[in-house]
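# Close look at the chain arrangement
What follows is the residue order along each chain.
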Amino acid sequence: MRHSSVVGVVIAACTAAASAQMGPTPAPPGGVRYDGHKVVQVDVRTARELTTTLALTDDVWSHRVGIGGQVDVRVSPEQLAAMQQAGLRFTVMIEDVQAQIDAEAARLAARAHWAPGDGPGFFDDFHTYDEHRAFLQDLVNQYPNLASMIVVGQSLEGRDIFGIRITGPGSTANRPAAFYNAAQHAREWATPPVIAYIAEQLLTNYATDCRIQQLVDSVEFHLVPFVNPDGYVYTWTPNNRLWRKNRKPPPAGSTCFGVDTNRNWGYQWGGQGASTDPCSETYRGVAGFSEPETQAVRDYVSANPRFRSAMDFHSYSQLVMSPWAYTDALPPDHPTFAMLNTRMQQAIESTYGLVYAAGPIFTTIYPASGGAVDWFYGAEGVYAFTIEVRPTGNPGFLLPPDQILPNAIENYNAILELAGFTGDALLFELPSGPPATVPPNTPTPVQVAISSGSGAYYTGSGRLHSRIGGAGPFTLSPLTPLGGTVFQGTLPAAPCGSVIEYFFSADTTTFQTVVFPACADPLQTSAVSATVAFTDEFETAVAGWTIQNDASLTAGGWVRADPVGTTNAGAAAQPEDDHTAAPGVACYVTANGAVGGAAGSADVDGGPTRLLSPTLDLAGADGAVVNYWYWLYSVNGTPDPMEIHVSNNNGSTWTAVTTHASQSSWRTNSFAVQDFVTLTDQVRVRFTANDTPNNSLTEAAIDDFVVSTQGCPATCYADCNTSGSLTVADFGCFQGKYVLGDLYADCNASGTLTVADFGCFQGKYVLGCP
Ligand code: 0X9
Ligand code: ZN
C-alpha cells in the first residue's frame, strides 16, 4: 500500500558534491568524500518531520519523499547529531557511505575489464561507458542482420548518447517502435546493465525462441544505456560516485554544477517537484529542454512517429510507474497504463518473487514535473513508463554485483510485457489464471480478457480451441462476452486422468488472427478429482500444530490469536484482521502486541520462529496441493523473507518450497507437494519467520490452510451409481446418462453415443467389478 498523502518536495539544499565543484568541467581532482556519512531511513509522519528531515540533509536517496513513509537520506556526522537532537525517528541503512564506496572502487579496480568475446561475464560487475559501448558493438558484429549501433545525439561534453537498434528483417514502415533507456541519473548504476541485458537476450534468443523472434520481428527496439553519459563518466572518477545530474557548469552567481535531466523535459516543465536552485539535486535548468541530453532524445523520438512505448529505468526502490508525474489527475489512458503496470509487476514477481509496487508516479512516489515519462506520453502520445529497479533500501545506489544479473533478468521480463503490448496486435490474459486442474467429466468455464495491442478486437471473433488427450485436431468453440474485455469459453468434459490442451484466438478489425499463447504452445490442464484432506481456519485450536523457536529468538514467536494490528510508516505491519471471512477472527501471527502498541513492540527479533503443520497422510494420492494465505511485512535493515518448507518424514528433513517477500497485505500461495517430495503419510509444512541479524521490523501471519489430494479413484465402470455394488439400478443410471448425452455413456469410446454402448455396458456389468 502506498502513502495516501504525499507532499511536493523541493530538495533545496546545496549538495556537498555540488558545492565542492568550484572549478571548470570536468571537476577538480579530489572530488567529494563521505567519510563518516551514513544513510538513514527516517520515519516521517508529519509535514513538520518532513521539513525538518529535508532541512538536515543535502542528499535524498530514496523516492519515498512524503508523509507517512520512510525517506532514505545521506547525513554527515553533524547532521546525524542534529537529527537525533530534533527527535526524528530513524534507522541506519548504511553505516559508512565512504567505506561502501571505497569497497566498491577497490573491487572495480581489481575487476577484469570486459572485452569482446567475454560474453555474459559482462553482468558480473559494473562497467564503464566505453565498455558498454564495446559490448553493444560486439552484439552488432555478431548479429548484423538484426542490430545496428545508433547515436541519439551528443551530451554537453560531446559524448555520444549511443544505443543499439534491434529489429527483424523486412520493411519497418509500419512497425511500432520502442525507446527503452537508462541512466538519466548518473549514480544509478544498476540500470545500464538492464539495457545491455535486454539487447543481449533479444539477439541471442532470436533464432531459437519463437516468442522472441515474434517480438523482434514486430517491434523496432531502440535501447539506450546512457541518456546522461557525462554524469555517468563522472561517477567513475575518484570520489564522485554519487553524482546524479548532468555536468552543466554553474550559472552566473552559483558554484553548483548540473541540471537534473529528469526535471528538464519540456512538457509541463516548471511545475511542482522540481527546483529552481542550481544547487538542488532536482534542479530543472533554465528552461524546458535547456540541456543537450534532453534535446537529443526529444529530436530523435519526435522524428520517428512510430514510437509506441517507452521505458526510463532508474534506481532504486523497486517500483513500476506510469503517468502522470506532474499532477495527481489520472491520464486518459489510465486503464491501459494500469493493465501494463500490473503485467510488468507480475512478470517481475514471477521471476524471483520480488513485488515491485505499481501506480502513477505522482501518487506512488512524489510530484515531479519535467520528467521524461510525462513528455513521452503528453507530447508524443507514447505509452511511457519508469521502473525504479533494485534494491528497496540498503545499499541504495551501490547495488552488490551479484544482484546485477537478477536485477537485469527480472526487468527484462517486464520489458517483454511492454514489448508485447508494443508489437502484438491483441493482448490476452487469463484474469483468474489458468486452472491447474478441472473436475473430471464436467465442462469447465475458463475466462480470458482480450484487449487492444497495436490492433483492435473484431467483435465476435474470439474462439477457444481445445482437445483431449494430446493428439488430434483442436475443436473450436466461440467465446461468450461477459462484459468489458472479458470473455468466457468452456473446456470440454474430459475423463479423469486425461489432459486438456487449449488456446485462444481472435481477429483484429483488419483481419489479422492472433493466437494466445503464442508460438503453438497450448495451455494444459488435467481432469482429476480433488478431495480436501485437511483444512484449518485457525478459529479453534487444532491438534498437531507445533511451534519451534530458536534459542536466539527474543520476541515474536508464532501464536494463534485474533491479531492486534500495528502500523509502520503508514503501512500495516501486523494485520488487524485475520484472512477468514466473518465470523472468523483468528490466525497464526508472530506474537500479538497490546492494543495501541508500537509496530516494533511485538515483532520478530532474532529467530527463526517456526510453525509446523500437523502430520498429513497423503500416501497413495496422485497429487496433493497445499494452499494458504500469508502475510509478511519486513522492512528496515536486511528484510527477512518468510520461508516455506515441506517434509515427507515428519520433519526429520525439510525441502525448501518458496520464500515470500514483504507485502503489507494478505496474499495466497499454492504448491503441489509432489513437486518437492514424494507423497507419504508423514507430510508436514513449515512456515519460518525471523529477524536475523536483528535489524528489521518483521511481522508474519498465516491463515486458511487447506490441503487437497488429487487423483482418479479406481472406479468400476459398471457401478454407474457408485453404490459399491452392481444392481439393476446401475442400468437405470446408465440409461439416464445416455439420455442426457453424458460422455460416461460412451462405453465403447467411439466418440458418439449409440445403441452399441448399451451392449458394451451390459458386457461390463456381466464381467462384474473387482
Ligand atoms: O526523481 C526522479 O527523477 C526519479 N526517482 S530517482 O530516485 N531515480 O531520482 C523518479 C522519476 C519519476 N519520473 C518522472 N518524473 N518522469
Ligand atoms: Zn533516477
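Predicted model, so just to flag it, every value in this text is computed and none were measured.

To continue, consider the coordination of the zinc ion (ligand 2). Binding of the zinc ion (ligand 2) to the protein goes through His-185 (ND1), Glu-188 (OE), Glu-188 (OE) and His-314 (ND1), at separations of 2.0 to 2.2 Å. Donor residues for the zinc ion (ligand 2) sit on one chain with the sequence pattern H-x2-E-x125-H. With Glu-188 in the loop between β7 (177-181) and α6 (192-204) and His-314 in strand β9 (residues 307-315), this pair connects stretches of sequence that are 126 residues apart. Judged on exposure class, the residue Glu-188 and its partner His-314 are both buried.

On to the sheet that holds strand β13 (residues 426-429), then. Strand order across the open sheet formed by 4 strands is β13-β15-β19-β18, with antiparallel pairing between neighbours. Edge strands, defined here as strands with exactly one partner in the open sheet, are β13 and β18 (480-483). Shown here is a sheet whose adjacent strand axes are inclined to one another by a mean of 35°, direction ignored. Two elements, β18 and strand β19 (residues 486-491), share 3 bridges in a ladder whose sense is antiparallel. If you follow Pro-481 over to β19, its bridge partner there is Phe-487. Relative to the sheet, helix α10 (residues 334-352) contacts β13 and β15 (444-452), its axis offset from that of β13 by approximately 55°.

Before going further, it helps to spend a moment on the site of ligand 1. Taken together, 16 residues form the shell around ligand 1, and within it Glu-188, Arg-244, Arg-263, Tyr-366 and Glu-388 come nearest. Here a nitrogen atom of ligand 1 sits 3.1 Å away from a polar atom, N or O, in the side chain of His-314. In isolation ligand 1 has 420 Å² of accessible area, and contact with the protein removes 99% of it.

Think of a sheet as strands paired side by side through backbone hydrogen bonds, with each pair either parallel or antiparallel. As summarised here, the arrangement of the 4 strands in space is β2-β3-β1-β4, forming an open sheet in which the pairing is antiparallel. Whereas interior strands pair on both sides, the edge strands pair on one side only; in this sheet they are β2 (59-60) and β4 (90-94). Relative to β4, strand β1 (residues 38-44) is paired through 4 bridges, and the arrangement is antiparallel. Bridging from a neighbouring strand, Val-42 pairs with Phe-90 of β4. Contacting β1, β3 (69-75) and β4, helix α3 (residues 77-85) crosses the sheet at an angle of about 140° to β3.

Moving on, we come to the confidence of the model for the chain. Should pLDDT be low for a region, the predicted coordinates there are not to be read in detail. For the chain, the mean per-residue pLDDT works out to 91, and 95% of the residues sit at or above 70. This stretch, residues 1-29, has a pLDDT under 50; its non-local contacts, to residues over four places away or in other chains, come to 80 contacts.

What counts and how
Residues numbered from 1 in each chain as written. Chains lettered and ligands numbered in written order. Predicted model: local features only at pLDDT ≥ 70, side-chain atom pairs only at ≥ 80, totals over all residues. Heavy atoms only, no water. Donors = N, O, S within 2.8 Å, 3.2 Å for Na, K, Ca; no water. Helix = DSSP H or I, 4+ residues; strand = E, 2+ residues; numbered from the N terminus. Buried < 20%, exposed > 50% of the residue type's maximum accessible area, 1.4 Å probe, protein only. Pairing = 2+ DSSP bridges. Axes fitted to C-alpha atoms, helices over the stretch in contact; angles between N-to-C directions. Contact = heavy atoms within 4.5 Å. Near = heavy atom within 4 Å. Polar contact = N/O pair within 3.5 Å; in protein donor to acceptor, adjacent residues only side chain to side chain. Areas by Shrake-Rupley, 256 points an atom, 1.4 Å probe, with all protein chains shown as cover. pLDDT = per-residue confidence, 0-100.

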